[in-house]
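# An overview of the molecular structure
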Amino acid sequence: MADNATHHYISSFFLVGIPGLQDFHCWIGIPVCLLFSLTMLGNSIIIINIKLEPSLHQPMYFFLCMLAMNDMALASSTAPKMLGIFWLDAHWIDFDICLAQLYFIHTFCIIESALLVAMAFDRYVAICIPLHYTTLLTTTMVIKMGLASVLRAIFMVLPGPFLIRRLPYYTEYVINHAYCEHMAVVKLASANTHVNRTYGISVALSVMVLGLGLIATSYLKILQAVFRLASQHARSKALGTCAAHVCTILVSYTPALFSFLTHRIGKKVPPSVHIIFASLYLLVPPTVNLLVYGIKTKQIRDRVIGLFFLNKKISEN
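A quick note: this is a predicted structure, and the numbers were derived from the prediction, not measured.

Rules behind the numbers
Residues numbered from 1 in each chain as written. Predicted model: local features only at pLDDT ≥ 70, side-chain atom pairs only at ≥ 80, totals over all residues. Heavy atoms only, no water. Helix = DSSP H or I, 4+ residues; strand = E, 2+ residues; numbered from the N terminus. Buried < 20%, exposed > 50% of the residue type's maximum accessible area, 1.4 Å probe, protein only. Areas by Shrake-Rupley, 256 points an atom, 1.4 Å probe, with all protein chains shown as cover. Salt bridge = Lys/Arg side-chain N within 4 Å of Asp/Glu carboxyl O. Axes fitted to C-alpha atoms, helices over the stretch in contact; angles between N-to-C directions. Parallel < 35°, antiparallel > 145°, perpendicular 65-115°, else oblique. Left-handed = near helix turned anticlockwise from the far one by under 90°. Contact = heavy atoms within 4.5 Å. Nonpolar A, V, L, I, M, F, W, Y, C, P; charged D, E, K, R; others polar. Phe/Tyr/Trp six-rings, centres within 6.5 Å; stacked < 30°, edge-to-face > 60°. UniProt positions renumbered as here; feature names shortened; annotations may be inferred. Disulfide = S-S within 2.5 Å. Expected span 1.5 Å × (residues − 1). Core = buried A, V, L, I, M, F, W, Y, C linked by side-chain atoms within 4.5 Å.

### Describing the overall build of the protein
For the protein, the helix and strand inventory stands at 13 helices and three strands. Expressed as a percentage of the 317 residues in the protein, the buried residues total 47%. Total accessible area on the protein stands at roughly 16300 Å², and carbon and sulfur atoms take up 71% of it.

Structure (structure tokens):
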């Protein structure tokens, strides 16, 4: 009671942005804006193309459509506030809004991981047991897998904001970050945060270990099946169908692992480097995903080219 009488709970946090690079915030905002714009425009084009092109009404592209929608939501939960910090000096964020941002960021990240696992399973079925592809991966099954990914993420992240809400925040309100990240917020609490830290690391490890484990298992089975094929052309074609997904996995997990490890064991890593990688983890994969699948998928590539060069084709005819 005495502690509550002499302290006042803070009602908002101050997001620094990128510590040590405040003088360059205006310039940093330019690539952030470009990545956000590309994510929203490019993923919208992919979703529309999948909807309009009958030949893309397959499980692989339904998962890609889900991934595109999730990428747009993930970018929308972070980029606008970042741009507000970099360009408008809008550093303050309300406590509850901060918790909401934290919740949605981590929810969309876990959904992304689950969708990558689902896409790996899709490739496994298509290459290893192709005769059962249409019976195993029906539209109903794809929808159920998508819903399971969303529900799993919602309930895994749900305790986070409530565990933070119970902590007292009296004096520390400066977050050395460009958005409300779980551990960055927890570290400011004026109390023992062992439960929060245990929860955070448990969720992060379970998502990464389970996701990477299932993906690795799928690709081991895929490689075994591919190398049993007699034709070199058949092997190349089978591996080619996995190339876009492998690129997406590398782009998604590499900065995520770096961010996770530097938060816990990388004490000598400059804060600016850690925060840049943590921001790239949320902004770059949504942009790279659409470029990779846009280039690798002939139907999407042809429709996009036709969309932008339609007037030219009409004038030539």
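Text resumes after the structure shown.
### Focus on the pattern of salt bridges
Counting across every chain of the model gives two salt bridges. Its salt-bridge partner being Arg 165, residue Asp 96 comes within 3.2 Å of it at the nearest N-O pair. Pair noted here: Asp 96 is in helix α4 (residues 95–128) and Arg 165 is in helix α7 (residues 159–165), with a separation of 69 residues, a long-range link. Linking Arg 123 and Asp 122 is a salt bridge whose minimum nitrogen-to-oxygen distance equals 2.8 Å. This pair shows no difference in class: Arg 123 is buried, exactly as Asp 122 is.

### Concerning the packing of α4 against helix α9 (residues 194–226)
Packing of α4 against α9 leaves a shortest axis separation of 9 Å and a crossing angle of 15°. In terms of orientation, α4 and α9 fall into the roughly parallel class. Judged by the twist between their axes, the crossing of α4 over α9 is left-handed. Only Val 203, Val 207, Gly 211, Leu 214, Ile 215, Ser 218, Tyr 219, Lys 221, Ile 222, Ala 225 and Val 226 of α9 make contact with α4, whose side of the interface consists of Ile 110, Ser 113, Leu 116, Val 117, Ala 120, Phe 121, Arg 123, Tyr 124, Ile 127 and Cys 128. Residue composition of the contact of α4 with α9, by class: 16 nonpolar, three polar and two charged.

### Some remarks on the packing of aromatic side chains
With the rule as written, the count across this model stands at eight aromatic pairs. Centre to centre, the rings of Tyr 103 and Phe 104 are 5.6 Å apart; their planes meet at 75°, and the pair counts as edge-to-face. Phe 104 gets classed as partly exposed once you look at its relative accessible area, which sits at 40%. Grouped by ring-pair contacts, the aromatic residues Phe 13, Phe 95 and Tyr 169 constitute a single cluster.

### Some details on the side chain of His 177
Here His 177 shows up in the loop between β3 (174–175) and α8 (182–186). On the basis of relative accessibility, which here comes to 2%, the residue His 177 falls in the buried class. Those residues in contact with His 177 that sit more than four places away from it in its chain are Leu 15, Val 16, Gly 17, Ala 184, His 274, Ile 275 and Ala 278.

### Some thoughts on the UniProt feature "transmembrane region" (unreviewed entry) in the protein
UniProt records the feature "transmembrane region" (unreviewed entry) at residues 27–48, 60–79, 99–121, 133–158, 199–220, 241–261 and 273–293, using the numbering of this structure. Each end of residues 133–158 is marked by a C-alpha atom, and these two atoms are 35 Å apart; helix forms 88% of the span and strand 0%. For residues 199–220, the end-to-end C-alpha separation is 31 Å, with 100% helix and 0% strand making up the annotated structure.

### Topic: the state of the cysteines
The tally for this structure, following the rule as stated, stands at one disulfide. Between the sulfur of Cys 98 and that of Cys 180 lies a disulfide, 2.0 Å long from S to S. Taking the sign of the S-S torsion, about -125° here, the bridge from Cys 98 to Cys 180 comes out left-handed. Separated by 82 residues along the polypeptide, Cys 98 in helix α4 and Cys 180 in the loop between β3 and α8 bring together distant segments of the chain. You'll find Cys 98 and Cys 180 in the same group, each marked buried.

### Some words on α4
Taking 1.5 Å per residue, 34 residues should reach 50 Å; α4 reaches 50 Å between its end C-alpha atoms and fits that length. The buried fraction of α4 amounts to 25 of the 34 residues, a majority that puts the element mostly inside the structure.

### Points about the packing of helix α6 (residues 139–157) against α9
Look at α6 against α9: their axes get within 11 Å of each other, and the N-to-C directions meet at 160°. Taken together, the axes of α6 and α9 are roughly antiparallel relative to one another. Contacts between α6 and α9 involve Arg 152, Met 156 and Val 157 on the former and, on the latter, Tyr 199, Val 203, Ser 206, Val 207 and Leu 210. Of the residues belonging to the contact of α6 with α9, the class tally is six nonpolar, one polar and one charged.

### Focus: the nonpolar core
Within the largest apolar cluster, 74 residues are counted, with the highest numbers of intra-cluster contacts made by Phe 13, Tyr 169, Ile 175 and Val 185. No other element matches the 16 residues that helix α3 (residues 59–88) contributes to this core. Apart from the residues within four sequence positions on either side, Val 185 is in contact with Phe 13, Cys 98, Leu 102, Ile 164, Tyr 169, Ile 175 and Cys 180. Residues Val 117, Ala 120, Ile 215 and Val 226 belong to the second largest nonpolar core, which totals 12 residues.

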